[in-house]
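# Structure at a glance
Chain by chain, the residues:
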Amino acid sequence: MTETTILSSAARTPSREEIEQAFREAYEIGRAATITGKVADYIPELAKANPRAFGIAMLDGEGNRLAFGDTDTRFSIQSVCKVIILAVSLKTKGFRETFSHVMMEPSGDAFNSILKLDTRSNLPFNPLINAGAIQLVSTLADEFSFEDLMGFARELCMDEGICLDQAVYHSEFESGNRNRAIAYLLKSKGVLQGDPEKTVDLYFKLCSLSVTARSLASLGLVISNDGVNPLTGEHLIDPEHVRTIKSLMFTCGLYDFSGRFGVMVGVPGKSGVGGGLMCAARGPMGIGLYGPALDEFGNSVAGVKAMEHLSRRLNLHVFDY
Ligand code: GLN
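Residues numbered from 1 in each chain as written. Predicted model: local features only at pLDDT ≥ 70, side-chain atom pairs only at ≥ 80, totals over all residues. Heavy atoms only, no water.

## Observations regarding the site of the ligand
Lining the immediate surroundings of the ligand are Y42, Q78, S79, F111, N130, E172, N179, Y203, C207, Y255, G272 and V273. Within the side chain of S79, one N or O atom sits 2.7 Å away from an oxygen atom of the ligand. At a separation of 2.8 Å, an oxygen atom of the ligand approaches a polar side-chain atom of N179. If the ligand stood free it would expose 300 Å²; the protein chains cover 99% of that surface. Within the shell around the ligand, the residues separate by chemical class into six nonpolar, five polar and one charged. (Near = heavy atom within 4 Å. Polar contact = N/O pair within 3.5 Å; in protein donor to acceptor, adjacent residues only side chain to side chain. Areas by Shrake-Rupley, 256 points an atom, 1.4 Å probe, with all protein chains shown as cover. Nonpolar A, V, L, I, M, F, W, Y, C, P; charged D, E, K, R; others polar.)

## Comments concerning the confidence of the model for the protein
Here the protein averages 95 in pLDDT, while 96% of its residues score no lower than 70. Across residues 1-6 the pLDDT falls below 50, and counting only partners more than four positions away or on other chains, this stretch makes seven contacts in the model. (pLDDT = per-residue confidence, 0-100. Contact = heavy atoms within 4.5 Å.)

## Focus: the pattern of salt bridges
Opposite charge on two side chains allows them to pair when their charged atoms are near. This model, assessed by the stated rule, comprises 12 salt bridges. The partner of R313 in a salt bridge is E25, with the nearest N and O atoms 2.7 Å apart. Here the residue R313 occupies a position in helix α12 (residues 301-314), and E25 occupies one in helix α1 (residues 16-33), the gap between them amounting to 288 residues. Between K205 and D201 there is a salt bridge whose closest N-O contact spans 3.5 Å. Of this pair, K205 and D201 both sit in helix α8 (residues 196-207), separated by four residues, roughly a single helical turn. (Salt bridge = Lys/Arg side-chain N within 4 Å of Asp/Glu carboxyl O. Helix = DSSP H or I, 4+ residues; strand = E, 2+ residues; numbered from the N terminus.)

## Side note on the side chain of S210
With respect to the helices and strands, S210 occurs in strand β4 (residues 210-211). Every residue in contact with S210, bar those within four places of it in the chain, is listed here: R74, F75, S76, G161, I162, C163 and D165.

## So, α1
Every α-helical turn comprises 3.6 residues, leaving residues that sit three or four positions apart pointing alike. Under the 1.5 Å per step criterion, the end-to-end length of α1 is 26 Å for 18 residues, consistent within 8% with the ideal 26 Å. Taken as a whole, α1 has its buried residues at I19, A22, F23, A26, Y27, G30 and A33. All buried residues of α1 lie within an arc of 140° about the axis, which places them on one face of the element. Exposed residues lying more than 90 degrees from the buried face of α1 are E17 and A32. On its buried side, α1 packs onto β1 (55-60), β2 (65-69), β7 (285-290) and α12. (Expected span 1.5 Å × (residues − 1). Buried < 20%, exposed > 50% of the residue type's maximum accessible area, 1.4 Å probe, protein only. Arc of directions from axis to C-beta.)

## Description of the sheet that holds β1
If you trace the five strands from one edge of the open sheet to the other, you get β2-β1-β7-β6-β5, paired in antiparallel fashion. Edge positions in the sheet fall to β2 and β5 (269-271), since each has one partner strand and no second. The average undirected angle you get between the axes of adjacent strands in this sheet is 10°. Pairing analysis gives six bridges linking β1 to β7, with the strands arranged antiparallel. Across the sheet, residue L59 finds its bridge partner in β7, namely G286. (Pairing = 2+ DSSP bridges. Axes fitted to C-alpha atoms, helices over the stretch in contact; angles between N-to-C directions.)

## Focus: the environment of T139
With respect to the helices, strands and loops of the structure, T139 is situated in helix α4 (residues 130-140). Between the alpha carbons of T139 and A22 there is a distance of 42 Å; along the sequence they are 117 residues apart. Setting aside its immediate chain neighbours within four residues, T139 contacts K93, H101 and Q193. Among the polar contacts made by the side chain of T139, one reaches the main-chain carbonyl oxygen of L136 at a distance of 2.6 Å.

In structure tokens form, the structure reads like this:
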């Protein structure tokens, strides 16, 4: 039994006080861990983030909220938008067509890797790495404007304040040649649809949507609640699609750290290089974390540490029950 285990795996439901205490501890642990990471600088605008910032927000199905630290700070959603892109693709194209453009396998490579795309397969390994998201964006770009997709992000995140962070967008546009290379490689293979430049432009804009830890908690809640916003009763994502989304978040959501996160935390999650981490825990419960100091894989060090603690304390691991 580890020091942090308080509940037996014969999962009794933790009390409100136990939940609050666990989040408080997770916040302290996460905040202390920020010194071990580094903010992303390959997109110059992201290097301006405060590496010591950390916030953790929770929203449950009854509308109970917890928030510790920097939960109102706006930051760019980055790769967490890939979940939204996947949801839109599943909704409009359906399962079969979506997975005729992209596979559903963990890549084991970095999020922006081009390697296996060139050597192993024509289709991107999964929708939650850059190549997969860029591919899906190419299939949506004719049908949806940036504003349409931002509207859907606002609904899912229950956050009307979400807007385009122009500075991050311009920075991504200027420094995004690796993503352009991925788009052109996909085009050369006859996989990417439409214009690679138009595709990456929309992808950069979606990565530059500004969110907060609270917005990510709301998104996590909708996903953990089978696609229904429990506060309004609105059906936003088909439950069958949520099953697919959660499975891919579990297996691929933290890039080449997904296996370890699956073992240590065991909660479907999705990270972004802006420092965001969105988790869909059972309950239903959404957890949104913001800590821009990243590990070598591009995941928030504080976010991962805090989630490890919460998973143990509250038996959140999918194999705890
Ligand atoms: N916009 C970033 C990129 O394309 C997203 C990557 C991430 O968050 N891991 O490089």
